[in-house]
Amino acid sequence: MFVLAILLAAASVAVADEAMRGCQSKCGDINIPYPFGLTRNCYFHYRFLITCNTTFDPPKAFLTNSAIPVLNISLQGHLRIIQDISYRYYNSSGFTTSYYPTYLNLAKFPVSNTKNKFTVIGCDAVGVIIGTSGQRYETGCLALCNNITDVVNGSCSGMGCCQTTIPQNVRNNNISLYSYSRDQRLFVSGFNNVSYGFVVEDGFYNFSSSHLNHLNTTSFPIFLDWSIGNQTCDEAKRNQTSYACKENSDCSDSKNGPGYLCNCNEGFIGNPYLQAGCTDINECETGSHHCNSTCQNYPGGYNCSCPRGYTGDGWNNGTSCRVIRNSKKFPVIVVVLGISIGLLVLLLLVSWLYIGVRQRKLDKLREKFFEENGGGLLKRELSRRELTAQIFTEEELKKATDNFHESRILGRGGQGIVYKGILPDQGPVAIKKSSRIGDQRQVEQFINEVIVVSQINHRNVVKLLGCCLETQVPLLVYEFVTNGTLFHHIHNVEDNSLIPWETRFRIAIETAGALSYLHSAASVPIIHRDIKSANILLDDDHTAKVADFGASRLVPFDQTELVTLVQGTLGYMDPEYLHTNQLTEKSDVYSFGVVLVELLTGKKAFSFRNPEDMRNLAMYFVSAIKEDLLVEVLDHRVVKASNFEQVKEVAMLARRCVKVKGEERPSMKEVAYKLEGLRAEGDHEHHPWFSDLYPEESKVFLTKPTIASDPGDPGNTCSSSSSTTAYFSMNNMEIEAVSGR
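On a predicted model such as this, the values are computed, not experimentally measured, just so you know.

## Structural notes on helix α5 (residues 332-372)
Part 1: Along its 41 residues, α5 runs 58 Å from first to last C-alpha, staying within 8% of the 60 Å computed at 1.5 Å per residue.
Part 2: One or two steps after α5, the chain reaches Gly374, where phi turns positive at roughly 85°.

## Things to note about unusual backbone geometry
Part 1: With an omega dihedral of 25°, the bond running from Tyr34 to Pro35 counts as a cis peptide bond.
Part 2: In this structure, Pro35 sits in the loop between β2 (30-31) and β3 (50-53).
Part 3: A cis amide bond links Asp57 to the next residue, Pro58, at an omega of 0°.
Part 4: By secondary structure assignment, the location of Pro58 is in the loop between β3 and β4 (60-63).
Part 5: The phi dihedral of Thr64 is positive, around 45°, even though this residue is not glycine.
Part 6: Within the secondary structure, Thr64 sits in the loop between β4 and β5 (69-74).
Part 7: The phi dihedral of His542 falls on the positive side, at around 60°, and the residue is not glycine.

## So, the state of the cysteines
Part 1: In this structure the tally under the stated criterion is 10 disulfides.
Part 2: Disulfide pairing places Cys141 opposite Cys162 at an S-S distance of 2.2 Å. For the disulfide bridge between Cys141 and Cys162, the dihedral angle about the S-S bond is near 75°, and by the sign convention the bridge is right-handed. Placement of Cys141 in strand β12 (residues 136-144) and of Cys162 in strand β13 (residues 161-164) is noted, with a sequence separation of 21 residues between them.
Part 3: The class of Cys162 is buried, set by a relative accessible area of 4%.
Part 4: Between Cys233 and Cys251 runs a disulfide, and the two sulfur atoms are separated by 1.7 Å. Here the S-S torsion is close to 75°, and the disulfide linking Cys233 with Cys251 is therefore right-handed. Of this pair, Cys233 sits in helix α3 (residues 233-238) while Cys251 sits in strand β17 (residues 249-253), and the two are 18 residues apart along the sequence.

## Regarding the pattern of salt bridges
Part 1: Taken as a whole and assessed by the stated rule, the structure comprises 15 salt bridges.
Part 2: Among the ionic pairs, Asp124 bridges to Arg185, the shortest N-O distance being 3.2 Å. Here the residue Asp124 occupies a position in strand β11 (residues 124-132), and Arg185 occupies one in helix α2 (residues 182-188), the gap between them amounting to 61 residues. Arg185 carries the same exposure label as Asp124, and that label is buried.
Part 3: A salt bridge links Glu394 to Lys398; its shortest N-O distance comes to 3.4 Å. Of this pair, Glu394 and Lys398 both sit in helix α7 (residues 394-400), four residues apart, which is roughly one turn of the helix.
Part 4: Looking at Lys398, the relative accessible area reads 28%, which means it is partly exposed.
Part 5: A single salt-bridge network, built from bridges that share partners, covers Arg504, Asp635 and Arg637.

The rules we used
- Residues numbered from 1 in each chain as written.
- Predicted model: local features only at pLDDT ≥ 70, side-chain atom pairs only at ≥ 80, totals over all residues.
- Heavy atoms only, no water.
- Helix = DSSP H or I, 4+ residues; strand = E, 2+ residues; numbered from the N terminus.
- Expected span 1.5 Å × (residues − 1).
- Disulfide = S-S within 2.5 Å.
- Buried < 20%, exposed > 50% of the residue type's maximum accessible area, 1.4 Å probe, protein only.
- Salt bridge = Lys/Arg side-chain N within 4 Å of Asp/Glu carboxyl O.

And the structure:
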């Protein structure tokens, strides 16, 4: 502690010299280190100008010539500023009475993606932040609650308050706030008539239920990252005339946008951007050395030695200094040999003890992680259900993924990150690294996915190979599906991977067959609960594979519905489930119907970019059919005169699947049977010899299933006043499906 205090004192003294010589080093209480400066010739570049307004007491610092207040500048590449919040008020009828947007536009310094959080407060609040990060970005989150007593102070997990991260290299942002639904707005208007949205320093804001009525501030601190120039460290070193790092320092690449930072070498302290700015730390004077005797300082380090008349290496971790004795009276060789052997034995003993203690600690840590990640629960469930699952070690999966390198990331979802791995005996696999498990409900959800997927044996369902529970966060190992998601192939216009109608139709049949199997043929019926195009994977032959069972539920044989917390993805969720919290197999039917509409129209399930009556694709699609405008909403890139009748039949089936009332929807078994029948009809029309060769079989396939006729649409609305929070994944994988990009 004494050594640390001395180093901190030396650092505080050095701060006064961190400005360029002859330049003002402070504005009020804020230090202004070079490359920043207050006047011309005192900063590295005009973008590093700090304006000091002396009309305030004490004076206040502002970024360049802007009105952005600066709170702190760190030579580690951080700049702390203040940004106003956005808020939106509603009157007693639920309509907006005032709206104050916040817009931040930065020329050089990006908003830190590691030290900030985008936060939304409200019981009916959708917050969206839009801007550029080298390319356009858009992200956001949803905050809902039905009663002020439901929210938890200090928690921003979606109930009354939500938080999410922002991308790298963000130079500007525009925050917008929306109402999730008019019904929800009217439901919560008695205790929440305002929504807030803001970017805030991570860990600074602490949510309280009182903030649903009034947030007693108009601004929050945020961190910006700064760097020198637009070159990498290696590129900058080649041009010494513009290289900003001075003697006794080195550079490192910026982790947020282009440019580089300078750092004093080990053993030096100070400002690496100034001539002679990095000064030697005299460890011998500060007492921060480890010498057992005489300390000798040199630039960047120090040496230890024994004084004359003594022998030894002078270090604490070696032999201490000893008086040299007369060799005639004392057998020096014997002493040295004895000491050497003793030290060797002691070293071996200490090493053995260290390795043993360390191994026991690792074993205990693995046991702790195993229990925290639900290992005991998994063992009991696997034994009770007579299931088996391969258990992988942490070292196996680290080796398979190059220690979970970012280049191996396949995607990010609401339940975690998916990596591509290569196992020696199994080839390519997909390794899902779950989100940090923090409570019993999340543990049960993870174990639920293992149990559910272990019981599934279907060619159109992603196969679970095993799991690893001895790590801090649990890992699942799946078969590797090579060709991305159905969402990517439908909506990624830059990829030129347009799939024809025949392939889309086959994908719909395979997906329906998999869901019918889960509902009707699995050993225990399974409700997926998060069917969407992003959770349907495709292999090289565009064969469909249903994935992501983190939200799925097993249905006991004596039950037809389950009461659960509402969970799913915006645009795909069953409105009846959202209203009642009662999960049934018909909830999967609704979600599958939305996927059918995506295949038919090429449009996204939900998009804030569209006009209000077109945001929800299912509602828009049903409305178009009512108004006899089906042809206008179909994807004209794949719909042709030759397949129009088949497309029309599929559209009518999709319309029935997205009925508001679950009882009016067909079962997945009926849906799969209907689609197979349509395919058989198409094969019969293209190959008339089919019925001649196999008259009995063709009769079976060409017979339309008996499905109740459409009684008319009673009105398809997805607004809800659900009695619990809806959890929506708004991270890098799923935000595209929600935001309309």
